[in-house]
Amino acid sequence: MTAWTPRRWGAAAVASLAFALVVAVPTDLVDTPLFGREVPPTWWAWPSLVVSSLLAGLLVATYVAAPEQQGPDPAGRGGWIGGTLTFLAVGCPVCNKLVLLALGSAGAMTWFEPVQPLLQLVAVALLAWALQRRLAGESSCATPTNVPATTVRSDPS
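What counts and what doesn't
Residues numbered from 1 in each chain as written. Predicted model: local features only at pLDDT ≥ 70, side-chain atom pairs only at ≥ 80, totals over all residues. Heavy atoms only, no water. Helix = DSSP H or I, 4+ residues; strand = E, 2+ residues; numbered from the N terminus. Expected span 1.5 Å × (residues − 1). Buried < 20%, exposed > 50% of the residue type's maximum accessible area, 1.4 Å probe, protein only. Contact = heavy atoms within 4.5 Å. Axes fitted to C-alpha atoms, helices over the stretch in contact; angles between N-to-C directions. Parallel < 35°, antiparallel > 145°, perpendicular 65-115°, else oblique. Left-handed = near helix turned anticlockwise from the far one by under 90°. Nonpolar A, V, L, I, M, F, W, Y, C, P; charged D, E, K, R; others polar. Patch = residues over 30% accessible without salt bridge, like charges linked within 9 Å, V, L, I, M, F, W, Y side chains within 5 Å. Areas by Shrake-Rupley, 256 points an atom, 1.4 Å probe, with all protein chains shown as cover. Salt bridge = Lys/Arg side-chain N within 4 Å of Asp/Glu carboxyl O. 1 Å grid on protein atoms, 1.4 Å probe; cavity = no way out; pocket = protein on both sides within 12 Å on 5 of 7 lines; lining within 4 Å. Points joined across faces, edges and corners; volume = space filled by probe spheres on them. pLDDT = per-residue confidence, 0-100. Core = buried A, V, L, I, M, F, W, Y, C linked by side-chain atoms within 4.5 Å. Phe/Tyr/Trp six-rings, centres within 6.5 Å; stacked < 30°, edge-to-face > 60°. Lys NZ or Arg CZ within 6 Å of the ring centre and 35° of its normal.

### Considerations on helix α2 (residues 45-61)
Okay, step 1: Helix length check: α2, at 17 residues, gives a terminal C-alpha distance of 24 Å against a target of 24 Å (1.5 Å per residue), a fit within 8%.
Okay, step 2: Every buried residue belonging to α2 is among Ala45, Ser48, Leu49, Ser52, Ser53, Leu55, Ala56, Gly57, Leu58, Leu59 and Ala61, and all of these are buried.

### Points about the side chain of glutamine 116
Okay, step 1: Mapped onto the fold, glutamine 116 is located in helix α4 (residues 97-139).
Okay, step 2: Contact partners of glutamine 116, with chain neighbours within four places excluded, come to Trp44, Leu88, Ala89, Gly91 and Pro93.

### Focus on the packing of helix α1 (residues 6-24) against α2
Two packed helices can be described by the angle between their axes and the distance between those axes.
Okay, step 1: Running from amino to carboxyl end, α1 crosses α2 at an angle of 140°, the nearest separation of the two axes being 7 Å. Taken together, the axes of α1 and α2 lie oblique to each other. Our pair here, α1 against α2, has a crossing hand that is right-handed. Contacts between α1 and α2 pair Arg8, Trp9, Ala12, Ala15, Ser16, Phe19, Ala20, Val23 and Ala24 from the former with Trp46, Leu49, Ser52, Ser53, Leu54, Ala56, Gly57, Leu58, Val60 and Ala61 from the latter.
Okay, step 2: Counted by class, the contact of α1 with α2 contains 14 nonpolar, four polar and one charged residues.

### Here's the deal with a nonpolar patch on the surface
Okay, step 1: Residues Trp46, Val50 and Leu54 make up a contiguous nonpolar surface patch of about 290 Å² in total accessible area.
Okay, step 2: Judged by relative accessible area, which is 39%, tryptophan 46 ranks as partly exposed.

### Regarding empty space enclosed by the protein
Okay, step 1: Evaluated as defined, the whole model comprises one cavity of 30 Å³ or more.
Okay, step 2: Reported here for the largest cavity is a volume of approximately 40 Å³.
Okay, step 3: Together, Arg37, Val39, Pro40, Thr42, Trp44, Ala89, Val90, Gly91, Pro93, Glu113 and Gln116 line the largest cavity.
Okay, step 4: At the level of secondary structure, the elements contributing two or more residues to the lining of the largest cavity comprise α3 (74-90) and α4.

### Details of the side chain of serine 48
Okay, step 1: Assignment of secondary structure puts serine 48 in helix α2.
Okay, step 2: A relative accessible area of 9% places serine 48 in the buried class.
Okay, step 3: Setting aside residues up to four positions removed in sequence, serine 48 forms contacts with Val90 and Gln120.

### Observations concerning the confidence of the model for the protein
Okay, step 1: Averaged over all residues, the pLDDT of the protein equals 83, while 80% of them reach at least 70.
Okay, step 2: Predicted confidence in the protein is weakest over α3, with a mean pLDDT of 79, and strongest over α2, with 95.

### Thoughts on the nonpolar core
The tendency in soluble globular proteins is for nonpolar side chains to be buried side by side.
Okay, step 1: Counting 28 residues, the largest nonpolar core has Leu29, Leu49 and Val90 as the members making the most contacts within it.
Okay, step 2: For this core, the element with the most residues is α4, which contributes eight residues.
Okay, step 3: Apart from the residues lying within four places of it in its own chain, the contact partners of leucine 29 are Ala24, Arg37, Pro41, Ala45, Trp46, Leu49 and Val90.

### Some details on the packing of aromatic side chains
Okay, step 1: Per the counting criterion, the structure on display carries one aromatic pair.
Okay, step 2: Consider the rings of tryptophan 4 and tryptophan 9, whose centres lie 4.9 Å apart with planes at 55°: the pair is tilted.
Okay, step 3: Under the relative-accessibility criterion, tryptophan 9 is labelled partly exposed at 37%.
Okay, step 4: Over the aromatic face of tyrosine 63 sits the side chain of arginine 134, whose NZ or CZ is 3.7 Å from the ring centroid.

Below, the structure is given as structure tokens:
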């Protein structure tokens, strides 16, 4: 990351801010007239959102002017899953429609709310893993794509 250009660092900053807003506004960590919250945020909601936002921003920056990659990128899935888990972890347990449909309001408070810190730990771990994979891929040597074919000689004896 020490060799990153200002363009990459700018992309990281913009992506971090965008991630924070995309998560904080609908989960009502940032108070707006558009969304409400029945259960107040936990003490760890903001610190965990900041950590996730920084990791997500750095992860997005690895895609700016990145060298070409061959095949699927498993780090991309880790980033998306980590971001989604952050959204679920910092959100209101009874405001999430999917949780309400699956567990009801009592189940959301009894079963989902205690699991939210674990979801956030998994989210941070996945985002860190995805970032590490992307950074490791940038510093590794490229595999040649056009390798000359070797000829095999058959020995007649």
